[in-house]
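Observations on the model geometry
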Amino acid sequence: MAKTTQIKKDIEKSNGAVKITTKSTQWNYSPSLESTDHIQLAKRYDLFINNQFVKPNSNKYFDTINPATEEKIAEIAEADEKDVDKAVQSAKTAYEKYWKKLHPRERGKYIYRIARMIQERSRELAVIETIDGGKPIRESRDIDIPLAANHFFYYAGWADKLQFAFLNRTPEPIGVAGQIIPWNFPLLMAAWKIAPALACGNTVVLKPAETTPLTALKLAEIIRDCDLPPGVVNIITGAGKTGAALVKHPNVNKIAFTGSTEVGKIIQKAIAGTNKKLTLELGGKSANIIFDDAPINEAVEGIINGIFFNQGHVCCAGSRLFIQESVYDEVIRKLKHRMKSLIVGNPLDKNTDIGAINSKQQLEKIHYYLDLGVKEGASIYQTDCALPSKGYFCAPTLFLETSQSHRIVQEEIFGPVLTIQTFRTVEEVIEKANNTPYGLAAGVWTDKGSKIFNMTSKMRSGVVWANTYNKFDATSPFGGYKESGFGREGGLHGLLPYVKF
Ligand code: NAI
Ligand code: MG
């Protein structure tokens, strides 16, 4: 396949390393750019239906851009209702003809094959993830792609052992799963959704986010190369309208959605009264809580990882920091010092800590909240790190002196913005941390095991990390309370949404 000239331009630009600097306010690093000459990208991508790339009915295409350079990478097909119907019919036929009849052991082999192919092509997938979405190469290389492979490996193992997952019950597949994913972890979200669905004997129509469709389309190539029976996995691209058509298609038996709470509510309304199964993984405003007996240096690292990891584009980002009063000054001093060493810049540079914000629209949303925070009376702290002149970038930001009633404390910003509050007692921090419409994750930093157990039982959030933050594993379930959604993905629990009894 021909490499796009666009990608070459990107490389030339980044080799120049003039515009996209790698500079923190404390250190200067020479650029250490991940090479892009090994990746293969077409200029145009069609819809992946029945193991073939087919043109969209409308013949319409949209651009996917590199948010670090604002340049177009490729054109992507826009699926309309007819295309959605074609993909769902293909998934339904594949379900009835092959997939549900196939011996589970054979299903497992296909899923293993996908996992192995992701591993084999991990370098290419990591670079494409970074170019299309803006996340630092260190993250896509060390977190997104290995974890995506990990999920396929893990669920491949379950395929022929489902009777042990559901003792004394006989799990049956549901049928066609419609899966809609966001732009913050594109390939990883595809893996979270496709792997358990296939392991349980379902077939899939997946719609990636419109700003980050490329790794899903690469996964489509992998699926084709794995010789999966045609129609078992279909990948269709488009924006909200395409997603809505998938949600309302009568032959879809299950919807799995990750994205904004707003769209989650629309989906829930759209399928009310049907017998479609639903899992929603939505927004968050997670609390990261530092007690005075915490290992402070490690906690500061955890705070940084909790909110600045992936530019804060993480549904479970530790975006509300609570510091016990007696260690407030020390934590803030160390946090500001550590922030000064963060490098914002070219996502392809291995030195980069904070890459590009995923889209112009998302950057505007973050700027809206930065202005709002100041208007609400919080005091803002940003490092004076150099931001690239092109592309969508945002400096890491703290909001000090915030209170529970501030909108910046209550609403999901989805950017590298941390609000800070203090507390005196355990009861006070539990009350404050739980006082949010969301309930996805929390972090607790303390030396005392008993305090950790007390907190984990009282926090209304799906995940509670103790003395760490943002750690994921295929064996561990993930999901929310309240407006963060329902249903679990990952681990044994992640099988449940894909079976009936
Ligand atoms: P979004 O919820 O609109 O998009 C997520 C996915 O849903 C995309 O694939 C999109 O095409 C699809 N979609 C949009 N409207 C739909 C509809 N009516 N029916 C079916 N599918 C539909 O999220 P967006 O607009 O990209 O981001 C807005 C905010 O949402 C962010 O600022 C952030 O606060 C939050 N968000 C949360 C995520 C999470 O992981 N929980 C991920 C992405 C965004
Ligand atoms: Mg893009």
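Residues numbered from 1 in each chain as written. Chains lettered and ligands numbered in written order. Predicted model: local features only at pLDDT ≥ 70, side-chain atom pairs only at ≥ 80, totals over all residues. Heavy atoms only, no water.

1. A word on the pairing of strand 10 (residues 254–258)
Most of strand 10 sits out of view: five of its five residues are buried. As judged from the four bridges shared by strand 7 (residues 176–180) and strand 10, these two strands associate in the parallel manner. Residue pairing for strand 10: Ile 180 is matched across the bridge by Phe 257. Note that strand 10 and strand 11 (residues 277–281) share five bridges and pair parallel. Across the sheet, Thr 258 pairs through a bridge with Glu 281, a residue of strand 11. On the question of chirality, the crossover connecting strand 10 to the parallel strand 11 by way of helix 10 (residues 261–271) is right-handed. (Buried < 20%, exposed > 50% of the residue type's maximum accessible area, 1.4 Å probe, protein only. Helix = DSSP H or I, 4+ residues; strand = E, 2+ residues; numbered from the N terminus. Pairing = 2+ DSSP bridges. Right-handed = clockwise from strand over helix to strand, strands pointing away.)

2. Some remarks on the sheet that holds strand 14 (residues 379–382)
Note: strands within a sheet are paired through backbone hydrogen bonds, in either parallel or antiparallel orientation. In space, the seven strands of this open sheet follow the order 14-15-16-13-12-17-18, with mixed pairing throughout. For this open sheet the edge positions go to strand 14 and strand 18 (463–466), each flanked by a neighbour on one side alone. Across this sheet, the average inter-strand angle for adjacent strands is 20 degrees, counted without regard to direction. Pairing between strand 13 (residues 320–324) and strand 16 (residues 417–423): five bridges, direction parallel. Bridge pairing in strand 16 places Arg 320 opposite Thr 419. Of the strands in this sheet, strand 12 (287–290), strand 13, strand 14, strand 15 (397–400) and strand 16 touch helix 12 (residues 328–340), which is tilted by about 160 degrees from strand 15. (Axes fitted to C-alpha atoms, helices over the stretch in contact; angles between N-to-C directions. Contact = heavy atoms within 4.5 Å.)

3. Focus: the confidence of the model for the protein
For any part of a model where pLDDT is low, the fine detail of the predicted coordinates should not be relied upon. Of the residues in the protein, 95% have a pLDDT of 70 or more, and the chain-wide mean is 94. In this model residues 1–21 is a low-confidence stretch, pLDDT under 50, and it forms 42 contacts with partners more than four residues away in sequence or in other chains. (pLDDT = per-residue confidence, 0-100.)

4. A few points about the coordination of the magnesium ion (ligand 2)
Distances from the magnesium ion (ligand 2) to its protein donors, Thr 64 (OG1), Ile 65 (O), Asp 132 (O), Asp 132 (OD) and Thr 211 (O), fall at 2.2 to 2.7 Å. As a motif over one chain, the donors of the magnesium ion (ligand 2) read T-I-x66-D-x78-T. Remark: Asp 132 occurs in helix 4 (residues 122–133) and Thr 64 occurs in strand 4 (residues 61–66); sequence separation between them is 68 residues. Each member of the pair Thr 64 and Asp 132 is classed as buried. (Donors = N, O, S within 2.8 Å, 3.2 Å for Na, K, Ca; no water.)

5. Some details on the sheet that holds strand 4
Strand order across the open sheet formed by three strands is 1-5-4, with mixed pairing between neighbours. The sheet terminates laterally at strand 1 (44–45) and strand 4, the two strands that pair on one side only. In the sheet, strand 4 pairs with strand 5 (residues 71–77) via six bridges, with the strands oriented antiparallel. Each bridged residue has a counterpart across the sheet, and for Ile 65 the counterpart in strand 5 is Lys 72. Contacting strand 4 and strand 5, helix 4 runs over the sheet at an angle of about 100 degrees to strand 4.

6. Notes on the nonpolar core
If you look at the biggest cluster of nonpolar residues, it comprises 114 residues, and the most contacted ones within it are Ile 114, Ile 118, Leu 198, Ile 290, Leu 335 and Ile 420. Top contributing element to this core by residue count: helix 7 (residues 186–199), with 11 residues. Apart from residues lying up to four places away in sequence, Leu 335 is in contact with Val 300, Ile 303, Ile 304, Leu 321, Leu 398, Leu 418 and Ile 420. Among the nonpolar cores identified, the runner-up in size contains 25 residues, and Val 54, Val 247, Ile 255 and Ile 271 belong to it. (Core = buried A, V, L, I, M, F, W, Y, C linked by side-chain atoms within 4.5 Å.)

7. A short note on the layout of surface pockets
When its volume is computed, the largest pocket comes out at roughly 1100 Å³. Lining the largest pocket are 42 residues, with Trp 183, Phe 257, Gly 259, Ser 260 and Val 263 sitting closest to its centre. Where the lining of the largest pocket is concerned, the elements lending two or more residues are helix 9 (240–248), strand 10, helix 10 and helix 13 (360–375). In terms of residue count, helix 10 provides more of the lining of the largest pocket than any other element does, six residues in total. Tallied by class, the residues present in the lining of the largest pocket amount to 19 nonpolar, 14 polar and nine charged. The residues that make up the lining of the largest pocket include at least three from each of domain 1 (2–30 + 284–466) and domain 2 (48–62 + 73–282 + 484–500). (1 Å grid on protein atoms, 1.4 Å probe; cavity = no way out; pocket = protein on both sides within 12 Å on 5 of 7 lines; lining within 4 Å. Points joined across faces, edges and corners; volume = space filled by probe spheres on them. Nonpolar A, V, L, I, M, F, W, Y, C, P; charged D, E, K, R; others polar. Domains from an automatic or database assignment.)

8. Some details on the packing of helix 3 (residues 104–120) against helix 7
For the pair helix 3 and helix 7, interaxial distance at closest approach is 10 Å and the crossing angle is 165 degrees. As judged from the angle between their axes, helix 3 and helix 7 are roughly antiparallel. As for the relative orientation of helix 3 and helix 7, their crossing is left-handed in sense. On helix 7, the residues touching Arg 107, Ile 111, Ile 114 and Ile 118 of helix 3 are Leu 187, Ala 195, Leu 198 and Ala 199. Here the contact of helix 3 with helix 7 is composed, by residue class, of seven nonpolar, no polar and one charged. (Parallel < 35°, antiparallel > 145°, perpendicular 65-115°, else oblique. Left-handed = near helix turned anticlockwise from the far one by under 90°.)

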